[in-house]
Amino acid sequence: MAHHPAHADHAPEPDYIRAKKGIMSWLVTVDHKRLGLMYLASVLFFFLVAGILAIALRTELFTPGQDFMSAQTYNKVFTLHGAIMVFLFIIPSVPAAMGNFLLPLMLGAKDVAFPKLNLLSFYVFSVAAIMFISTLVMGSIDTGWTFYTPYSTATGGAATMAVFAVFVAGFSSILTGVNFVVTVHRMRAPGQTWDRLPLFVWAIYATAVIQVLATPVLAITVLLLGLERIFGVGIFDPALGGDPVLFQHFFWFYSHPAVYIMILPGFGIISELLTVHSRKHIFGYKAIALSSVAIAIISFLVWGHHMFVSGQSELAGIVFSFLTFAVAVPTAIKVFSWVATLYKGSISYTTPMWYGLMFLWTFTIGGLTGLYLGTLSIDVHLHDTYFVVAHFHYVMVGGTVVAFIGGLHHWWGKMTGKMYNEKAGAIGALLVFVGFNGTFLTQFFLGHQGMPRRYYAYLSEYQFLHQISTIGSWILAAGLLWTMIYLLHSLWYGEKATGNYWNATSLEWHTQSPPIEHNFHDTPHVTGSPYDFPEIDKSGATH
Ligand code: HEM
Ligand SMILES: [Cu+2]
């Protein structure tokens, strides 16, 4: 728990949204909250674009034959969908959008450690996004989001521009990571020791470390690919003495840790949602905090599980398979701790809690099916099938996106000053749950029966499951649109948010909603854990 020093009244001060006026005040802002909102608007825009592409793909797959997309178009659409979702939506979604908004508030700080670097980071991201979108008028890319060589060195279109866009996006990610690491080390409020940090901060911290350490590898990989395409230097092209499998090693050395850049921040959100909405002290605080760090470390050792059928040595296959199982241990520790947190809690079924519970279901399916794929012998059968598509969507959508939407509701009033409608939220959550599982649960069976990924047409024996999947995706889309509508509606017609509308204890609740420009009138002092809720006694029993 934290408290402010008792204080005389302050002159009323405008909140950060109204503190300065005019478009310029936004474009050159160094306020982490405004930058968080700008990232939020950008990533939601890309989520919408890539989501529309996804619905187009699923709709094409409603019948076995060709409907409205040629094979070539389908290749381009799934590449764009995957690349936009990964590089322009998921990676910046929780860290850059919510992390920016929340990190300094949770630390009781005025801003991040380097506010101007933060602004730069946003502009670097914007440049990358514009570069990437410009590939649309250059013939688009059809390599898949993984840019595998040798195809990516040979294919025409806009692949060179696309890989340089990824290169630039990487810089934004690194700058944000550096900023957050320093912020957590240097900007904590008096009394806020490491064991009093909210778990969201721990998760963002572990993520930032991976961003700083792994992203340079991606930057070099795509730089080499770009050089290969322009100059034919012969790094990946066997005809020039290069090795295409080397690309896969480089790519996954980044991209496996990157899947934790995508999911760890979601873990952080879930820890906050489940405690606040069940009024229970988090179970296993240290275990959850340290397991994030453990995951960050182990994530660097497992990249070869993407390459079981690439021709890598048998020994490598066996070693990577075992190391992959090791990631399950810290992950399972988290899931058990979350479930134990709910036990005997006084749960209120708010929208954030619905998303928290949804996460426990969907993420667990995503995580467990990852163990199937990490098992060497089983992956030989499942590799490049819909089982993989189902698995990573359960992790990315069922994990990160579900946590992201839950967090958006939890902090919506803090960010915007307005409350959404709970009933509308529950309806949206139900649609998302039904639609999501309808879309992707079916795909485990499809994949197991041998349906390959990245195909625009298929044998009629797969039709039934594909049709359920497509109908599911329409329901999911309806749920997401519904959510967008009532959230936007709340901006004009929602009730005003109070400073601490969930009656929570971490520091972001110790200032008004929306916060003033410099967050706090007086620097807060931290005297205990953020998970000691006022109405529970030390034994953890609720009154
Ligand atoms: C919101 C609902 C979503 C739907 C309905 C959806 C649907 C699809 C479909 C139909 C494919 C193509 C499968 C194939 O032909 O092999 C696909 C691929 C993919 N999706 Fe999604 N998706 C969604 C969200 C996301 C999100 C949030 C991410 C974030 C990381 C994501 C990442 C990917 C990736 C990386 C691929 C692989 C692209 C490739 O093979 O190169 N998707 N998705
Ligand atoms: Cu991996």
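Residues numbered from 1 in each chain as written. Chains lettered and ligands numbered in written order. Predicted model: local features only at pLDDT ≥ 70, side-chain atom pairs only at ≥ 80, totals over all residues.

When helices and strands are tallied, the chain shows 15 helices and two strands. Relative to its length of 543 residues, the chain is compact, with a C-alpha radius of gyration of 23 Å against a globular reference of 24 Å. With respect to the principal axes defined by its C-alpha atoms, the chain has extents near 75 × 45 × 45 Å. For the chain, with 543 residues in total, the buried portion stands at 51%. (Helix = DSSP H or I, 4+ residues; strand = E, 2+ residues; numbered from the N terminus. Rg over C-alpha atoms; globule rule 2.2 N^0.38 Å. Buried ≥ 20, exposed ≤ 12 C-beta atoms within 10 Å, placed from the backbone.)

Val201, Tyr205, Tyr260 and Met262 are the most contacted members of the largest nonpolar core, which totals 144 residues. Not counting residues within four places of it along the chain, the set of residues in contact with tyrosine 205 comprises Phe180, Val181 and Val184. (Core = buried A, V, L, I, M, F, W, Y, C linked by C-beta atoms within 7 Å. Contact = placed C-beta atoms within 7 Å.)

What follows concerns the site of ligand 1. Near ligand 1 lie 23 residues; those nearest to it are Ala54, Gly82, Met85, Gly144 and Arg453. Put simply, the parts of the chain that give the shell around ligand 1 at least two residues each are helix H2 (32-60), helix H3 (71-106), helix H13 (386-416) and helix H15 (463-493). No other element matches the seven residues that H3 contributes to the shell around ligand 1. Each residue belonging to the shell around ligand 1 can be placed in one class, and the counts come to twelve nonpolar, eight polar and three charged. (Near = placed C-beta within 6 Å. Nonpolar A, V, L, I, M, F, W, Y, C, P; charged D, E, K, R; others polar.)

This part takes up the environment of glycine 139. By secondary structure assignment, the location of glycine 139 is in the loop between helix H4 (115-134) and helix H5 (151-154). Once the C-alpha coordinates of glycine 139 and glycine 156 are considered, the two residues, 17 residues apart in sequence, prove to be 8.3 Å apart. Ignoring sequence-local partners within four residues, the contact set of glycine 139 consists of Gly156, Gly157 and Ala158.

Further remarks concern the confidence of the model for the chain. Of all residues in the chain, 96% attain a pLDDT of 70 or more, and the chain-wide mean is 94. Contacts from residues 1-8, a stretch scored under 50 in pLDDT, to residues over four places away or in other chains number 18 contacts. Per-residue pLDDT stays below 50 along residues 537-543; that stretch engages in seven contacts with residues further than four places along the chain or on separate chains. (pLDDT = per-residue confidence, 0-100.)

It is worth spelling out H13 at this point. Compared with an ideal rise of 1.5 Å per residue, which puts 31 residues at 45 Å, H13 spans 39 Å between its outermost C-alpha atoms and falls more than 12% short. Helix geometry: H13 is bent most strongly at histidine 410, by close to 50°. Buried residues dominate H13, accounting for 29 of its 31 residues. (Expected span 1.5 Å × (residues − 1). Bend = angle between axes of the 7 residues up to and from the residue.)

The interhelical angle for the contact between H4 and helix H6 (residues 159-186), taken along N-to-C directions, is 165°, at an axis separation of 8 Å. Comparing the axis directions of H4 and H6 gives the class roughly antiparallel. In the packing of H4 onto H6, the handedness of the crossing is left-handed. Contact residues: H4 offers Leu117, Asn118, Leu120, Ser121, Val124, Phe125, Val127, Ala128, Met131, Phe132 and Ser134, while H6 offers Met161, Ala162, Phe164, Ala165, Val168, Ala169, Phe171, Ser172, Leu175, Thr176 and Asn179. Its residues placed into classes, the contact of H4 with H6 shows 16 nonpolar, six polar and no charged. (Axes fitted to C-alpha atoms, helices over the stretch in contact; angles between N-to-C directions. Parallel < 35°, antiparallel > 145°, perpendicular 65-115°, else oblique. Left-handed = near helix turned anticlockwise from the far one by under 90°.)

This part takes up the packing of helix H7 (residues 199-231) against helix H9 (residues 285-298). At a closest axis distance of 9 Å, the pairing of H7 and H9 adopts a crossing angle of 10°. Considering their axes alone, H7 and H9 lie roughly parallel with respect to each other. Between H7 and H9 lies a crossing whose hand is right-handed. In contact with Leu199, Trp202, Ala203, Ala206, Val209 and Ile210 of H7, H9 contributes Ile288, Ala289, Ser292, Val293 and Ala296.

In this structure, the amide linkage connecting threonine 149 to the following residue, proline 150, adopts the cis form with an omega of 5°. By the secondary structure assignment, proline 150 is in the loop between H4 and H5. That bond from serine 513 to proline 514 is cis: its omega, -15°, falls within 30 degrees of zero. By the element assignment, proline 514 lies in the loop between H15 and strand E2 (525-526). Positive phi is not limited to glycine here, since arginine 279 has a value of about 50°. Structurally, the position occupied by arginine 279 is in the loop between helix H8 (244-276) and H9. One non-glycine residue, aspartate 384, lies in the positive phi region at around 60°.

The next point concerns the environment of glycine 345. Mapped onto the elements, glycine 345 comes out in the loop between helix H10 (314-342) and helix H11 (351-374). Distance in space between the C-alpha atoms of glycine 345 and valine 276 is 10.0 Å, their sequence separation being 69 residues. Discounting residues that sit within four places of it in the chain, glycine 345 has contacts with Ser278, Arg279 and Lys280.

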